[in-house]
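Overview (structure and organization)
So you can see what is in the structure, the chains are spelled out below.
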Amino acid sequence: MLRRTLLSLASLGLFATPAPAEPVRPASEKGAAPVQPEVGTRAKRVIVEGALKFRDSDGDGRLSPFEDWRLTPEARARDLVGRMTADEKVGTLLHATLPGANGVLGRGAGYDFAAAEDLISGRKITSFITRLGTSPADLARENNRAQEVAERGRLGIPLTISSDPRNHFQYVLGASGNSSGTTQWPEALGFAALRDPARVRQFAAIARKEYRAVGITMALSPQLDLFTEPRWPRGTGTFGSDPALVSVLGEAYVEGLQGSAAGLAPNGVATVVKHWVGYGAQPEGFDGHNHYGRFARPGALFWQHVAAFAGALAVKPAGLMPAYPIIEGVTVAGRPVEAVGPGYSKVLLKDLLRAEKGYRGMILSDWGITRTCNERCRAPTAEAPQQPQDIAMSWGVEDLSVEERYARGMAAGIDQFGGTDDVTPLLAALHSGKLAPATVDEAVRRVLEIKFAMGLFENPYVDPDRAAREVGTPADVALANRTQREAQVLLRNSGQVLPFRTARKVWLFGMDPAAAKAAGLTVVADPAEADFAVVRAETPSEKLHPNHFFGSRQKEGRLDFRPGDHAYEALRTASARVPTVLAIFMDRPAVLTTVTPFAKAILVNFGASDAAVLDVVLGKAKARGRLPFQLPRSMEQVRRQDPGRPDDIPDPLYPRGAGIILP
């Protein structure tokens, strides 16, 4: 019989953070020798059995089944659930925000550890989103400190630390992240323009390495909504309007981030695919974060929205997030979808997702669905605008109490609630009998299995020095930069004006002159003195709801260029003198009809630096992308289209798939 020994931290030299090898799942084949994973601890001791080491998470000096990495994540989770108190279980069912020091919605130079201690030790919450944008080494240190707080807990349950996408260009607080030092890639639409699953898989593998290096273990992505309403402001995070392409690229994304086509690997990042289902079909493009955007109408094409998730579901994502808006006018197997947000819909979650599609992972609600939408949420004014504390998306269940919302959500299939740290109503629902203990136990088990699968119970810590080395390596940056160039779409090249290989003088609008100078160009102040001009712009938009928190940050309204728009006037001025390139960041499908006469070349990007745009203009790189959606001719066409039907304009200015590939 193996001799079991309890060693002190000092004697093992484990008080300092170990250099973290990638976590290793134990061999499951019968007779295979167990493979020792790295064990890292700062607050608990280590149990030794012969040559094998285990973290003594509960501190009792004995090897409990949940501490035994030789067992499956499922077996370990079942054992741990049986040891947890009601408080610990309820805390596990919430996914809160790691509070930032002197910041808003988790932003800041570091975490507020007094507040974090209350959430982790007091409320027993062990899943958090991070919104820090600090350097890789600093973020690793902050996440280590947070994990140490968790390790000191009674059962030493490690934190799952999640993030919105942080390797792209567009940043909207509460919907996407930003970071320092990570590789920077086009938005998901750029990958859709390339139509290359292998490149998506490469990107996701690099993002996985960068996330794990800083201690992030869950990605609140990919976004597999169909981009069917061209005015919708969240389309940049999608793979476009074609459900078949979205399915293929979604599968590659999940496989690359999770590290395996068979589910979550030990060195993977748990993906949470979103948003189930029909979110992109929002009338007028008004987004479901807002009270005025709380409905979606996918209509008869609902099943194409469902089909977009097929590839991702096939490779077993660890998590899935329901959408916000109430899905109107849809039936599933003869059952109407309830007039509530999808997080409260048994038809969408239990019947369609679990029973019909066979999904077995965790269901994490989108943020704030249990919160009450107050007057500043429903109808803010300039004098009383919606503030972060007023953000709430309890669509369709406004008349229920918070306790009843928790109970209804879990009865519908939710395992974990995002964007809340309010444990009291959930505990009350459990104690009052509104919530069945078996339902809670099943949900807690799913949450814990993810932690076990990634080896967090063995070592949740990371090496800040390694993070500094592995995030944004030269090779990874080079591939990201190459992708920025290749994912651009050349729509117009009148007279074969591109590339400008020999031209040296340029007039610029919306572009940093330093980038042009670095490319060997001379920037002139008068278009008459230039050889050519470049006008950088974005799809036009309006601020239709400036008093709403998200409405003030999201692109809404018109898509067409009009006289008086700065970019329109710049194009008109420059094109009267020299050949002019319109380089447009197309976060929404732009109406280009009025500006086409002014642009000898139209170059679309979905997230690209000035240097990347200039390299294509000058012929140093080639645009290889094709449009991931159609472009309308007019706003009248936009107003007449069906918000749930992909590419339903019969006579677009440019069809989906348009793009010139130069030899």
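In this report, we go over the structure that sits alongside the text. Since the structure is predicted, the reported quantities are computational estimates derived from the model, not experimental observations.

Here's the deal with the overall build of the protein chain
A count of helices and strands for the protein chain gives 21 helices and 21 strands. Relative to the compact-globule value of 26 Å for 663 residues, the protein chain shows a C-alpha radius of gyration of 26 Å, a close match. Projected onto its principal axes, the C-alpha positions of the protein chain cover 85 × 55 × 50 Å. Within the protein chain, buried positions represent 61% of all 663 residues. A total accessible area of about 23500 Å² is found for the protein chain, and carbon and sulfur atoms account for 51% of it. Between the centroid of the 79 positive side chains of the protein chain and the centroid of its 73 negative side chains there is a distance of 3 Å.

Description of the sheet that holds strand S7 (residues 218–219)
As summarised here, the arrangement of the eight strands in space is S4-S5-S6-S7-S8-S10-S14-S15, forming a closed barrel in which the pairing is parallel. For strand S4 (residues 94–97) and strand S15 (residues 416–418), the ladder comprises two bridges, and the chain directions are parallel. Bridging across to S15, Leu-94 finds its partner in Phe-417.

What to know about unusual backbone geometry
With an omega dihedral of 10 degrees, the bond running from Ser-221 to Pro-222 counts as a cis peptide bond. Mapped onto the elements, Pro-222 comes out in the loop between S7 and helix H8 (243–258). A cis amide bond links Leu-498 with the next residue in sequence, Pro-499, at an omega value of 0 degrees. Of note, Pro-499 is situated in the loop between strand S16 (489–493) and strand S17 (505–509). Phi at Gln-496 is positive, roughly 55 degrees, even though this residue is not glycine. Along the chain, Gln-496 turns up in the loop between S16 and S17. Although it is not a glycine, Asp-647 adopts a positive phi angle of roughly 50 degrees. Positionally, Asp-647 belongs in the segment after helix H21 (635–640).

Some points on the pairing of strand S19 (residues 532–538)
With six of seven residues buried, S19 lies mostly within the body of the structure. Two elements, S17 and S19, share four bridges in a ladder whose sense is parallel. Directly across from Phe-509, in S19, lies its bridge partner Val-535. Across six bridges, the pairing between S19 and strand S20 (residues 580–585) is parallel. The residue bridging Arg-536 from the neighbouring strand is Ala-583, located in S20.

Focus: the state of the cysteines
Inspection of the entire model under this criterion finds one disulfide. Two residues share a disulfide in this structure: Cys-373 and Cys-377, whose sulfurs sit 2.0 Å from each other. Linking Cys-373 and Cys-377, the disulfide has an S-S dihedral of approximately -95 degrees and is accordingly described as left-handed. Neither Cys-373 nor Cys-377 differs from the other in exposure class; each is buried.

Here's the deal with the sheet that holds strand S21 (residues 601–605)
Read across the open sheet, the six strands follow the order S16-S21-S20-S19-S17-S18; overall the sheet is mixed. Each end of this open sheet is capped by a strand with a single partner; those strands are S16 and strand S18 (522–523).

Some thoughts on the packing of aromatic side chains
For the coordinates displayed, the defined rule picks out 20 aromatic pairs. Their ring planes at 20 degrees and their centres at 5.2 Å tell us that Phe-54 and Trp-69 sit as a pair that is stacked. A residue pair is termed long-range when its members are at least 10 positions apart, and Phe-54 in strand S3 (residues 52–55) and Trp-69 in the loop between S3 and helix H2 (73–81) qualify at 15 residues. For Phe-54, a relative accessible area of 0% translates into the label buried. Geometry around Phe-113 places Arg-145 over its ring, the cationic atom sitting 3.8 Å from the centre. Between Arg-553 and the ring centre of Phe-549, over which it is positioned, the NZ or CZ distance is 3.8 Å.

A short note on the side chain of Thr-473
You can see Thr-473 is positioned in the loop between helix H16 (464–470) and helix H17 (474–486). Accessibility expressed as a relative area gives 17% for Thr-473, which makes it buried. Polar side-chain contacts of Thr-473 include one of 3.0 Å to the side chain of Asp-476.

Things to note about the pattern of salt bridges
With the rule as written, the count across this model stands at 44 salt bridges. One salt bridge connects Glu-470 with Arg-466, and the closest N-O pair in it is separated by 2.9 Å. Taken together, the residues span about one helical turn, with Glu-470 and Arg-466 both in helix H16 at a distance of four residues. Judged by its relative accessible area of 22%, Glu-470 falls in the partly exposed class. Among the salt bridges present, the one from Asp-615 reaches Arg-485, with a minimum N-O distance of 2.8 Å.

Criteria and thresholds
Residues numbered from 1 in each chain as written. Predicted model: local features only at pLDDT ≥ 70, side-chain atom pairs only at ≥ 80, totals over all residues. Heavy atoms only, no water. Helix = DSSP H or I, 4+ residues; strand = E, 2+ residues; numbered from the N terminus. Rg over C-alpha atoms; globule rule 2.2 N^0.38 Å. Buried < 20%, exposed > 50% of the residue type's maximum accessible area, 1.4 Å probe, protein only. Areas by Shrake-Rupley, 256 points an atom, 1.4 Å probe, with all protein chains shown as cover. Lys, Arg positive; Asp, Glu negative; His and termini not counted. Charge placed at Lys NZ, Arg CZ, Asp CG, Glu CD. Pairing = 2+ DSSP bridges. Disulfide = S-S within 2.5 Å. Phe/Tyr/Trp six-rings, centres within 6.5 Å; stacked < 30°, edge-to-face > 60°. Lys NZ or Arg CZ within 6 Å of the ring centre and 35° of its normal. Polar contact = N/O pair within 3.5 Å; in protein donor to acceptor, adjacent residues only side chain to side chain. Salt bridge = Lys/Arg side-chain N within 4 Å of Asp/Glu carboxyl O.

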